[in-house]
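Take a look at the letters that make up each chain.
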Amino acid sequence: MQSTQRLVVIGNGMAGARTVEEILARGGDFTITMFGDEPYGNYNRIMLSNLLAGVEDEAGIFLNDLSWYADNGITLHVGTRIEKIDRTHKVVIATDGTRTPYDKLIIATGSSSWTPPIKGIHNPKRGFHQGVFAFRTLDDTRGMIRYARDHERAVVIGGGLLGLEAARGLQNHVSHVTLLHAMGHLMNMQLDERAGAMLKASVEGKLGVDVIVDAMTTEILGKDRVTGVKLADGTVIDCDVVVVAAGIRPNTQVAADSGLTVERGIVVDDQMRADGEDDIYVVGECAQHRGELYGLVAPLWDQAKVLADHVTGRNAAAAYTGSKLSTKLKVAGIDVAAMGLKEPETDADEVIVYSEPRKGIYKQVIIRDGLLVGATLVGDNRKAAALIQAFDQGQALPEERAEMLFDIGGPAGEVKPEDMPDDAQVCNCNGVSKGAICGVVNAGCKTVNGVMDKTRAGKGCGTCKPLVQRIVEWAAGGEVEEDPAASWYVPGVPMPKPELMAAIRQYGLRSVSSVFAKLVPGGEEDAKSKMGLASLLKMMWGEDYVDERDSRFINDRVHANIQRDGTFSVVPQMKGGVTTPAQLRRIAEVAEKYAVPMVKLTGGQRIDLLGIPKETLPKIWADLDMPSGYAYAKSFRTVKTCVGSDYCRFGVGDSTALGIALEERFQGIEGPGKMKLAVTGCPRNCAEAYVKDLGVVAIDGGRWEIYVGGAAGAHIRKGDLLATVDSADEVITLTGRFLQYYRENANWLERTYAFVPRLGIDRVRAVVVDDSDGIAAELDAAMDASVGAYRDPWKERAEPVTPGQFRTSLPLVVLPQVPVRVSGGVA
Amino acid sequence: MTRLGPVHEIPLGEGRTYAVDGEMVAVFRLRDGSLRALQAVCPHRGGPLADGQIDLKVVVCPLHLNAFDLNTGCSLSGQPDLTVYAVDVDDDNHLVVTTRASSEVSS
C-alpha cells in the first residue's frame with residue numbers, strides 16, 4: 001500500500017497558504033511541509049496599506065496564525081529559504097543544507113519589491129540607506145511606521161496602486177508627502193492619460209499629497225540618513241523618509257537555478273504545472289501563464305482552485321485559462337476602479353466617455369462585440385460593482401449605454417451599505433432592515449435570492465433589489481455565491497425559459513404536475529413555481545392546456561383580487577373606460593344589494609367594488625352580468641383612453657374606438673406580467689400612453705405612434721417608440737405581435753419596462769416590426785389562438801369548478817374587516 | 001377529535017378551512033394524497049392560508065408570500081410559527097382533526 005504523498009510548498013504567502021487551504025478543502029490526503037521566508041504565519045498582504053493608514057491593526061490582517069498549521073498537521077518552516085530543487089531526486093534543499101523530499105511540489109515564491117537603480121539608495125552595510133523602505137512585507141511596514149513616527153517629510157517613489165496607497169498611509173505618520181512617478185500619469189498601467197490626470201488632481205486637491213509626474217529619481221541625498229531626493233532635471237526634494245513602490249518582480253531564482261523554464265516568470269501550463277514537469281506546480285505572482293504575469297489577488301484564487309482540483313485528482317480536467325483583471329484603489333476619499341482595457345485597441349471598439357473635471361469625475365467604458373472589455377471610473381465608483389460583474393461574466397449590456405455609467409430612473413443617490421446604520425429600512429414594502437439582511441448573510445446565506453427568500457426583502461415592489469444585492473455583496477465581503485436559479489424561469493425548475501419551453505414542447509407537457517415530474521430531478525413540485533408554469537403552459541397550449549386548479553394563485557382560482565382581510569375586489573369589464581347609464585345603474589344596484597364596503601374608480605378607468613367575501617363572488621357576477629375586467633391576473637389588464645377626436649377639440653385620432661378594439665381583442669390574455677395599455681388621441685397624452693406597457697399616441701395626419709416598455713409604478717420609465725403606423729389595424733396587428741413576443745420571451749414577472757431594455761428596442765423592433773427573424777407570422781398565429789381560446793371566467797359561477805371553490809377560508813372571521821365607506825365620507 | 005366533512009371536499013393540491021372547537025384549521029390535501037392541518041390564519045397579517053399555494057413541503061400565504069413548513073408549521077420567512085394539528089381520515093373517508101380543545105376533552 002502506498003503511504004500518504006508528501007507535498008512541499010515553497011512560499012507561505014497568500015498564494016501558498018490559499019492553495020493549501022483549497023487542497024485541504026478537497027480532502028487532499030498529503031503530508032504537507034511549507035517553507036516561508038518571512039517569520040510569520042500567513043497574512044493578508046493587501047491589507048498592509050490599511051495597516052500603514054492606521055485603519056487596521058496587525059492582528060486583523062493575519063489569515064492563518066501558527067496554530068492553523070498545527071491544527072491541520074502542516075509542518076511550517078518559517079525564516080527558511082529554499083535554495084535549490086533537485087528534480088531528479090525530488091528533494092528541496094534549504095540554504096542551511098537541510099534536504100526535504102517531496103512527491104508533489106508547489107512553488108509559490110511570489111514577488112519582491114523592485115528597486116530602481118538610483119544612486120545612494122543602498123547602504124553597503126545594511127541593505128537600504130537609512131530612511132529608505134520598500135513596501136512589500138509586514139517587516140517593511142513595521143519599519144516604515146516606526147521610522148516615520150519621528151520624521152516629517154516623506155517621498156514615495158512610484159505612482160501606481162501601491163504607491164498611492166503608501167502615500168495616503170504615510171500621511172497618517174508624517175506631515176508632508178510627495179509622490180514621484182516616473183511615467184506621464186498616475187496608475188498608467190490601469191488608466192489612460194485623462195483618467196490619470198483627473199486622479200492626480202484629486203490626490204493633490206483632496207488628499208493634499210504633492211504629485212510630480214515624469215519624475216525620474218536619480219539620487220538619494222544624505223550622508224548617514226536620507227535628507228532628500230534628486231530628480232533627473234536637477235530638482236531636489238527635501239525629505240527624511242523614502243518609500244519605494246516602483247513595482248514588483250517575480251521571485252524566480254530558485255526555479256531558474258533548478259532548471260525550470262523561466263521567462264519573466266516561471267512558465268506553467270493550464271494545470272498550473274511548471275513547463276514539462278508532472279510533479280511541480282507553480283501558483284501566484286511568480287507564475288507565468290500563457291505569457292501573462294498576475295500581480296493581483298483574484299487570479300491567484302482562480303489558480304489555487306485549479307491547482308488543488310488537479311493535484312488532489314478531484315478534477316483532472318481542471319484548467320486555468322487566464323483571469324480578467326479588475327482593480328479598485330483602496331484610498332479613502334479617492335474612488336478609482338479599473339478593469340480590462342484602459343483604452344480602445346481598434347477603430348471598431350465602442351467607447352463611451354463622461355468627464356467632469358470640476359468634480360474630478362471621469363468614466364469610460366469600452367465595448368467590443370456587445371461585451372464590456374474595459375472600464376475606468378475615477379471620482380465616482382457607484383457603478384463599479386455592476387461593471388465588474390458585467391466584465392467578469394460577459395453579461396449583455398443595456399441598450400441605453402448611459403445606464404452603465406449612471407443610475408437612470410432609480411433612486412437619486414446610491415447609498416453605500418457601509419454608510420447605512422443597521423436599523424436603516426431597506427425594503428419599504430416588507431420592512432426589512434440592513435441589520436436583518438446582514439444577519440442572514442452572516443448566518444451563511446450568501447446568494448441574493450436566498451437572502452430575499454429568508455427576509456422577504458425585495459419581494460414587494462422590487463425597487464430595492466439592487467440595494468439588497470449591494471448589501472449582500474458587502475456583507476459577504478465579495479464572497480457572494482452565484483445563484484444558479486437566477487437565470488431560471490421559475491425557481492423550482494432548473495431551466496431558463498427558452499430551454500424550458502423547448503423541453504415542454506419536446507415531451508408534450510400540458511400540465512404543471514407533468515412539468516415537475518419530467519423536468520425536475522427527483523420530480524419534486526414547488527409551490528412558488530406553479531403560477532409561473534401555469535401561465536406559460538396556458539400560453540403555449542391554449543385550449544389543449546390541462547388546467548390543474550391548484551397551480552393557480554388564489555386570484556386566478558376565484559377570478560378576483562384578494563385584499564388584506566381575505567375579501568376580494570370585483571372590477572367588471574369596461575372597455576376603454578367607457579360605460580353607459582344602464583351599466584352604472586346595474587353596478588349601483590349590485591353595490592347596494594350586497595352592501596359593498598367601497599366603490600372606487602381605478603387608475604385604469606374602471607369601477608372597483610371592494611371588500612367582497614369570496615362566497616359572494618358568483619352572486620355578484622350573476623347580478624352584474626358583465627364580463628371580468630381582469631384586475632387580478634398576470635394578464636392583459638386595461639386599455640386606458642382619452643375621449644379622442646370625437647369630442648376633444650385637440651384630438652387627432654379616435655383613441656376611444658381603438659382602445660375598445662384593443663381590449664375587445666386581447667381581453668384576459670395571460671402573460672409573464674401585467675400588461676397595461678393606453679391609447680391617447682394626441683401627444684398631450686391625457687391617457688398616459690407614454691408610461692404604459694404598450695401605449696398608442698395619435699399624431700396628426702391619421703398616424704399612430706406605438707410606445708412599448710413604459711411604466712409609472714414603483715419604476716418609472718417612458719416607453720420606447722416601437723413604430724409609427726398609418727392605421728388602427730396596423731396598431732392592432734403590432735400590438736398582438738409585440739405582446740406575443742413578450743409572452744414568449746420575458747421571464748416570469750418581468751414587466752415590459754425590464755424586458756424591452758433587456759433586449760433593446762432595436763432588437764424588439766427588428767423582430768416585431770421588420771420581421772428580422774421571420775417569426776412574425778408565427779407570433780400572429782399564436783396570438784390568434786390565444787384570443788380564440790378566451791373564455792370569460794365570470795361565467796364560472798353556476799357550478800363551482802372545484803368543491804368549495806368559493807367557500808370562505810376564514811369561517812370564524814366576520815368579513816369584510818376593511819372599513820365601510822358610505823357616500824364618500826369617512827366611515 | 002372532531003369529525004369533519006369528506007376528504008374529497010378538498011381538491012388535490014389545495015386547502016380548505018374548517019372551524020373546529022372555536023379554532024380555524026386549514027386542512028391541505030397534498031398532491032401525494034396525504035393531509036396536513038395547520039392554523040388557518042397567517043401570523044404576519046392575518047392572511048387566509050387555505051387560499052395559499054402548496055407543494056409537498058410548504059404553504060405560501062397569498063397576501064405577502066410568507067412560507068411555512070407544512071409538517072412542522074415553522075416559518076421559512078422570519079414570521080412566528082404555526083400551530084400544527086393532527087389530521088386523518090376515518091373509515092368513511094371523513095376528515096378527523098384533533099385540536100387542543102378536543103384533545104383535552106377526550107383525555
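Undergrad: Before we move on, can you summarise the overall build of chain A with the specific residues and values?
TA: Tallying secondary structure elements over chain A gives 26 helices and 43 strands in all. Counting only residues that meet the buried cut, chain A has 45% of its 827 residues in that class. Intrachain contacts of chain A at a sequence separation of at least 6 include 61% that bridge at least 24 residues.

Undergrad: Describe the overall build of chain B, naming the residues involved and giving the relevant values.
TA: Counting its secondary structure elements, chain B contains 1 helix and 9 strands. Across chain B, helices and strands are ordered from the amino to the carboxyl terminus as β-β-β-β-β-β-β-β-β-α. In chain B, which comprises 107 residues, the proportion classed as buried is 46%. Relative to all contacts within chain B whose residues are 6 or more apart in sequence, the contacts with residues 24 or more apart total 42%.

Undergrad: Lay out the packing of helix α22 (residues 655–666) of chain A against helix α23 (residues 728–745) of chain A with the relevant residues and their values.
TA: All names here are of chain A. Taken N-terminus to C-terminus, the directions of α22 and α23 make an angle of 40 degrees; their axes are 11 Å apart at the nearest point. Looking at the two axes, α22 sits oblique to α23. The element α22 and its partner α23 pack so that their crossing is right-handed. Taking contact as the criterion, the partners of L658, A661, L662, R665 and F666 in α22 are, on α23, A728, V731, I732, T735, G736 and L739. Residue composition of the contact of α22 with α23, by class: 8 nonpolar, 2 polar and 1 charged.

Undergrad: Go over the interface of chain B and chain A, please, and point to the residues and values.
TA: In this assembly, 30 residues from chain B lie in contact with 30 residues from chain A. Among the elements of the structure, β2 (15–20), β5 (53–54) and β6 (58–60) of chain B are those that each provide at least two residues to the side of chain B that touches chain A.

Undergrad: Account for the confidence of the model for chain B, with residues named and values stated.
TA: Taken residue by residue, chain B gives an average pLDDT of 92. The fraction at 70 or more is 93%. Across the assembled chains, the prediction reports ipTM 0.95 with pTM 0.63.

Undergrad: Report on the sheet that holds strand β7 (residues 67–69) of chain B, specifying residues and quantitative values.
TA: Residues and elements named next belong to chain B. Read from one edge to the other, the open sheet built from 3 strands follows the order β5-β6-β7, with strand pairing classed as antiparallel. A single partner strand is all that each edge strand has here, and the edge strands are β5 and β7. Relative to β7, β6 runs antiparallel, the two sharing 3 bridges. Among the inter-strand pairings, V58 is bridged to a residue of β7, identified as D69.

Undergrad: Can you lay out helix α1 (residues 14–25) of chain A for me, pointing to particular residues and giving the numbers?
TA: Residues and elements named next belong to chain A. In a regular helix each residue adds 1.5 Å, so 12 residues correspond to 16 Å; α1 covers 16 Å between its end C-alpha atoms and thus fits that length. α1 sits mainly inside the fold: 9 of its 12 residues count as buried. Among all positions of α1, only M14, A15, G16, A17, R18, T19, V20, E22 and I23 are buried. Packed against the buried residues of α1 are β1 (5–10), β2 (30–36), β3 (42–43), β4 (62–64), β9 (104–107) and α9 (297–311). Within two residues after α1, G27 carries a phi angle of roughly 70 degrees, on the positive side.

Undergrad: So what's going on with unusual backbone geometry? Residues and values would help.
TA: Residue and element names in this part refer to chain A. Residue P816 is bonded to the preceding L815 through a cis peptide linkage, with omega at 0 degrees. The phi dihedral of D625 falls on the positive side, at around 50 degrees, and the residue is not glycine. Note that D625 resides in the loop between α20 (617–624) and β37 (636–641). Its 10 C-beta neighbours within 10 Å are what place D625 among the exposed residues.

Undergrad: Hey, could you go over the sheet that holds strand β23 (residues 280–282) of chain A for me, with residue numbers and the actual values?
TA: Residues and elements named next belong to chain A. One open sheet accounts for 5 strands, arranged β5-β2-β1-β9-β23; its pairing is parallel. Each having just a single partner strand, β5 (75–78) and β23 make up the two edges of the open sheet. The sheet shows a mean angle of 15 degrees between the axes of neighbouring strands, direction not considered.

Undergrad: Could you give an account of the environment of R45 of chain A, naming the residues involved and the relevant values?
TA: Residues and elements named next belong to chain A. Within the secondary structure, R45 sits in the loop between β3 and α2 (48–53). Linking R45 and F62, residues 17 residues apart in sequence, is a C-alpha distance of 9.0 Å. In contact with R45, other than residues within four places in its own chain, are G13 and M14.

Undergrad: So what about the nonpolar core? Which residues, and what values?
TA: Ranked by internal contacts, the top residues of the largest apolar core, which has 121 residues, are V25, V27 and V97 of chain B. Setting aside its immediate chain neighbours within four residues, V25 of chain B contacts T17, Y18, V20, A37, A40, Y85, V97 and T99 of chain B. Listed in part, the 67 residues of the second largest apolar core include V132, Y147, I157 and V244 of chain A.

Undergrad: Which residues make up the environment of E56 of chain A, and what values go with them?
TA: Residue and element names in this part refer to chain A. Turning to its location among the elements, E56 is positioned in the loop between α2 and α3 (58–61). We classify E56 as partly exposed; it has 15 C-beta atoms within 10 Å. Each residue touching E56, except ones within four places of it in the same chain, is listed here: M47, N50, L51 and I61.

Undergrad: Help me get a handle on helix α24 (residues 752–759) of chain A, residues and values and all.
TA: All names here are of chain A. Of the residues making up α24, those classed as buried are T752, Y753, F755, V756 and L759. One face of α24 carries all of its buried residues, which in axial projection span an arc of 165 degrees. Looking at the buried residues of α24, the elements they touch are β40 (703–708), β41 (711–712), β42 (716–717), β43 (720–725), α23 and α25 (761–768). Trailing α24 by a residue or two, G760 shows a phi angle of about 90 degrees, which is positive.

Undergrad: Describe the pairing of strand β15 (residues 176–180) of chain A, naming the residues involved and giving the relevant values.
TA: Residues and elements named next belong to chain A. When strand β14 (residues 153–157) meets β15, the two strands line up parallel, connected through 5 bridges. Looking at β15, one finds that A154 is bridged to V177. As for the winding sense of the linkage, the β-α-β connection from β14 through helix α6 (residues 161–170) to β15 is right-handed. Alignment of β15 against strand β16 (residues 210–212), held across 3 bridges, turns out to be parallel. Looking at β16, one finds that T178 is bridged to D210. Traced from β15 through helix α7 (residues 193–207) to β16, the parallel crossover comes out right-handed.

What counts and how
Residues numbered from 1 in each chain as written. Chains lettered and ligands numbered in written order. Predicted model: local features only at pLDDT ≥ 70, side-chain atom pairs only at ≥ 80, totals over all residues. Helix = DSSP H or I, 4+ residues; strand = E, 2+ residues; numbered from the N terminus. Buried ≥ 20, exposed ≤ 12 C-beta atoms within 10 Å, placed from the backbone. Contact = placed C-beta atoms within 7 Å. Axes fitted to C-alpha atoms, helices over the stretch in contact; angles between N-to-C directions. Parallel < 35°, antiparallel > 145°, perpendicular 65-115°, else oblique. Left-handed = near helix turned anticlockwise from the far one by under 90°. Nonpolar A, V, L, I, M, F, W, Y, C, P; charged D, E, K, R; others polar. pLDDT = per-residue confidence, 0-100. Pairing = 2+ DSSP bridges. Expected span 1.5 Å × (residues − 1). Core = buried A, V, L, I, M, F, W, Y, C linked by C-beta atoms within 7 Å. Arc of directions from axis to C-beta. Right-handed = clockwise from strand over helix to strand, strands pointing away.

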